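# Structural characterization, general
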Amino acid sequence: MSIPLPSGPDGYIKDDRANSEFLVPRKAFTSPEVLAAEREQIFNTCWLYAAHASEIPKANDFISRRVGGRELIISRNAEGELGAHFNTCSHRGAMVCREKMGNTKRFVCPYHGWTFDTGGVMVEQPADTGFPDDFFSKGTKNLRSVAKVDTYRDFVFITYNPNAKTLIEYLAGVTEYIDIVADQSAVGMEITEGNHEYSMRANWKLLLENSADGYHGLTTHATYFDYLQATNGAFRTDFDPATMAGKCVDLGNGHAAIEYGAPWGRPVAQWVPQWGEEGRATVDELKANLVARCGEDKATRIAEKNRNILIFPNLVINDIMALTVRTFQPVDAGYLEVNAWSLAPSEEHPDVRKFRQYNFLEFLGPAGFATPDDVEMLELCQQGYQNLPEPMWNDISKGMSQAQNGVNDELQMRAFWRQWNKLMAA
Amino acid sequence: MSNEIEEAAVALIVNEGACLDQRDWDQWISLYTEDAEYWVPAWDDEYTVTDDPQTQMSLIYYGDRSGLEDRIFRLNTETSLASIPLPRTCHMTTNYRFDAQPNGDLKVHSAWHTYSYKLKAINQFFGHQEHLIRPTDDGLKIAGRKIIVLNDMIANVMDVYSI
């Protein structure tokens, strides 16, 4: 596929390690041809987040949603086995499922009534003549399944690529960070009911970059920090600001994370005065259980650190004042749609769950105190790219000259773009 | 008597929209009692919104008025990028139905539609809502508001002025 981007010795990016300069072409955010190539070379080849297992716990549970720009049904069959099928009838192509989620034994195509079970098997159709006896028994009229489905710690991924390496190989170093999220429960994490859906007039890569960008925090989110500082008891009293510098790590295959001290309450096991003495007893007990389960060091890391985790290409898990799972789909080069959920230990104490959900809403989501400011910034970037072709490049060099990167550096974005470049240049 | 309170309740709800349209935040806040609950549930599936803000997701939830005061604090800083410039808004409310409560409160169900215009872009939200209207020594106040946003693929931002 021809990609209308300037190509140099480093491919479509400029990765100048000698001069510690890293440049990304702005046209990669605006060009429909680039998006078409991304669909082929990234979304059709990588593993993509599809669902959390807690959303479909029982046999015949299903959800339907867009994954990498394609409409899927992710379901458990009558035996409870997980599967993912294209949401399109094998007869004439109509979507056979129009509900977001539910439990059913059958998907009946509304057009001519071809009927499939939750494993995608074609089980009946209303006509009694016109087909040979064995026409439907060969399996060729079943719903087409995606190439592979696999799960890591209850995060369900799919790939459209039959030659994809295994999920565990694909996830590479980010498994350590997914483990830290999954280990926050003794019995299993769950997506809490309800979700946020929002859209922005921005390229999908802008949201990926922004989701683990510590550098923008104090400017873009100034009002949020002002608000927290003005709120009694929102910060831990013994917080050491030096821990905010944190670290930024490249986890391989385009995945990356930042990790840093959390000044605010973390429902997993970090209390703040705002939650009161009663809340303190509950949270202290959570911490003690966490230490017993994971050991002191890991428990402290889980409790006291924030993590913004980027999983290539379009999954973000932000383990901050609440835990959000966020995935997003490019609709066109300048427009994306986001789906975001709150993830929590399924055995969570109701008081702590309340702190979690309040924290989530305060910062996150289209009506929160932070996300709308991010959205505005990303839209401003997209508008700024209207000035192409002269200002051609975005700069994400920060930290490139340093051996170690912190949360305010841009290694996480370079990790993403190097992988993007590798797949696009392939 | 009941007609009088119903008329006054409608006037209060219309006035709420006008305060938001005029960006008179202090006047808007003063329409609420201190213990007023303000809740915009999230959608759970096609036909159902979440019903427990403490364990499930919402779009906005405050157990009392202090949360709304925080929002005004934020707007007044004039540094929240999402609210610069503030959109021009137009609140419309109609189809009132009244449900007298045993304690003397009046629950008012209505339909609402708010247009917002900012930087050449039109956004709109619409839906149903319930106001809990309470007679106080200081006149009628809003003691609770639950807002169902029917179009929940939210473009850009949703804030108290846009619903």
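All figures in this text were calculated on a predicted structure; none of them were measured in a lab.

### Considerations on the packing of helix 3 (residues 175-182) of chain A against helix 8 (residues 296-304) of chain A
Residues and elements named next belong to chain A. Taken N-terminus to C-terminus, the directions of helix 3 and helix 8 make an angle of 85°; their axes are 10 Å apart at the nearest point. As the angle between them shows, helix 3 and helix 8 are arranged roughly perpendicular. In this structure, helix 3 contributes Glu176, Tyr177 and Ile180 to the contact, and helix 8 contributes Lys298, Arg301 and Ile302.

### Remarks on the state of the cysteines
Across all of its chains, the model carries zero disulfides over all chains by this definition. Free of any disulfide, cysteine 97 of chain A has its nearest neighbouring cysteine sulfur in cysteine 109 of chain A, separated by 11 Å. We classify cysteine 97 of chain A as buried; its relative accessible area is 3%. Cysteine 19 of chain B takes part in no disulfide bond, and the closest cysteine sulfur, belonging to cysteine 90 of chain B, lies 14 Å away. The class for cysteine 19 of chain B is buried, based on a relative accessible area of 3%.

### What about the packing of helix 6 (residues 222-230) of chain A against helix 3 (residues 66-77) of chain B?
Running from amino to carboxyl end, helix 6 of chain A crosses helix 3 of chain B at an angle of 130°, the nearest separation of the two axes being 10 Å. Here helix 3 of chain B runs oblique to helix 6 of chain A, going by the angle between their axes. With respect to the hand of their crossing, helix 6 of chain A and helix 3 of chain B are arranged in right-handed fashion. Contacts between helix 6 of chain A and helix 3 of chain B involve Thr223, Asp226, Tyr227 and Ala230 of chain A on the former and, on the latter, Asp70, Phe73, Arg74 and Thr77 of chain B.

### Some thoughts on the interface of chain A and chain B
In this assembly, 37 residues from chain A lie in contact with 35 residues from chain B. Surface buried jointly by chain A and chain B totals about 3300 Å² across both partners, of which 56% is contributed by carbon and sulfur atoms. When residues of chain A are sorted by the area they lose upon contact with chain B, Glu193, Ala367 and Phe369 of chain A head the list and together hold 17% of the total. Summed over the shared surface of chain A and chain B, the number is two salt bridges. The closest approach of N and O atoms between glutamate 376 of chain A and lysine 118 of chain B, which form a salt bridge, is 3.3 Å. For the pair chain A and chain B, the number of links is 23 residue pairs in polar contact (both at pLDDT 80 or more). Sorting the residues of the side of chain A that touches chain B by element identifies strand 14 (196-200), helix 6, strand 20 (335-345), helix 9 (350-363) and helix 10 (371-384) of chain A as the ones contributing at least two each.

### A short note on a nonpolar patch on the surface
Residues and elements named next belong to chain B. There is a patch of nonpolar side chains on the surface, built from Met92, Tyr115, Tyr117 and Ile122 and spanning about 380 Å² of accessible area. With respect to the secondary-structure elements, methionine 92 resides in strand 5 (residues 88-100). Classification of methionine 92 as partly exposed rests on a relative accessible area of 38%.

### Some points on the sheet that holds strand 7 (residues 121-136) of chain B
Backbone hydrogen bonds are what pair the strands of a sheet, in a parallel or an antiparallel way. Residue and element names in this part refer to chain B. Read across the sheet, six strands follow the order 4-1-8-7-6-5 without closing on themselves; strand pairing throughout is mixed. Pairing within the sheet leaves two strands with one partner each, and these edge strands are strand 4 (58-62) and strand 5. With strand direction ignored, the average angle separating the axes of adjacent strands in the sheet is 20°. Pairing between strand 1 (residues 32-41) and strand 4: four bridges, direction antiparallel. Looking across to strand 4, one finds that tyrosine 38 is bridged to tyrosine 62.

### Here we look at the domain arrangement of chain A
Residue and element names in this part refer to chain A. When the domains of chain A are assigned, the result is domain 1 (48-163) and domain 2 (174-424). The straight-line distance from the C-alpha centre of domain 1 to that of domain 2 is 32 Å. Across the boundary between the two partners, domain 1 contributes 15 residues, which contact 24 residues of domain 2. Between domain 1 and domain 2 the total buried area reaches about 1500 Å² when both faces are included, carbon and sulfur atoms providing 60% of it. Contact with domain 2 buries area across many residues of domain 1, yet Tyr49, Arg153 and Phe155 alone supply 35% of it, more than any other trio. Connecting domain 1 to domain 2 are four salt bridges. Measuring nitrogen to oxygen at the nearest pair gives 3.2 Å for the salt bridge that ties arginine 153 to aspartate 179.

### Some remarks on the sheet that holds strand 21 (residues 393-395) of chain A
All names here are of chain A. As summarised here, the arrangement of the three strands in space is 1-2-21, forming an open sheet in which the pairing is antiparallel. The sheet is open, and its two borders are formed by strand 1 (14-16) and strand 21, each paired with just one other strand. Each neighbouring strand pair of the sheet contributes to a mean axis angle of 20°, computed without reference to strand direction. Judged from the three bridges that link them, strand 1 and strand 2 (residues 21-25) form a sheet pairing that is antiparallel. When the sheet's bridge partners are listed, aspartate 15 is paired in strand 2 with phenylalanine 22.

What counts and what doesn't
Residues numbered from 1 in each chain as written. Chains lettered and ligands numbered in written order. Predicted model: local features only at pLDDT ≥ 70, side-chain atom pairs only at ≥ 80, totals over all residues. Heavy atoms only, no water. Axes fitted to C-alpha atoms, helices over the stretch in contact; angles between N-to-C directions. Helix = DSSP H or I, 4+ residues; strand = E, 2+ residues; numbered from the N terminus. Parallel < 35°, antiparallel > 145°, perpendicular 65-115°, else oblique. Contact = heavy atoms within 4.5 Å. Disulfide = S-S within 2.5 Å. Buried < 20%, exposed > 50% of the residue type's maximum accessible area, 1.4 Å probe, protein only. Left-handed = near helix turned anticlockwise from the far one by under 90°. Buried area = accessible area lost by both parts, 1.4 Å probe. Salt bridge = Lys/Arg side-chain N within 4 Å of Asp/Glu carboxyl O. Polar contact = N/O pair within 3.5 Å; in protein donor to acceptor, adjacent residues only side chain to side chain. Patch = residues over 30% accessible without salt bridge, like charges linked within 9 Å, V, L, I, M, F, W, Y side chains within 5 Å. Areas by Shrake-Rupley, 256 points an atom, 1.4 Å probe, with all protein chains shown as cover. Pairing = 2+ DSSP bridges. Domains from an automatic or database assignment.

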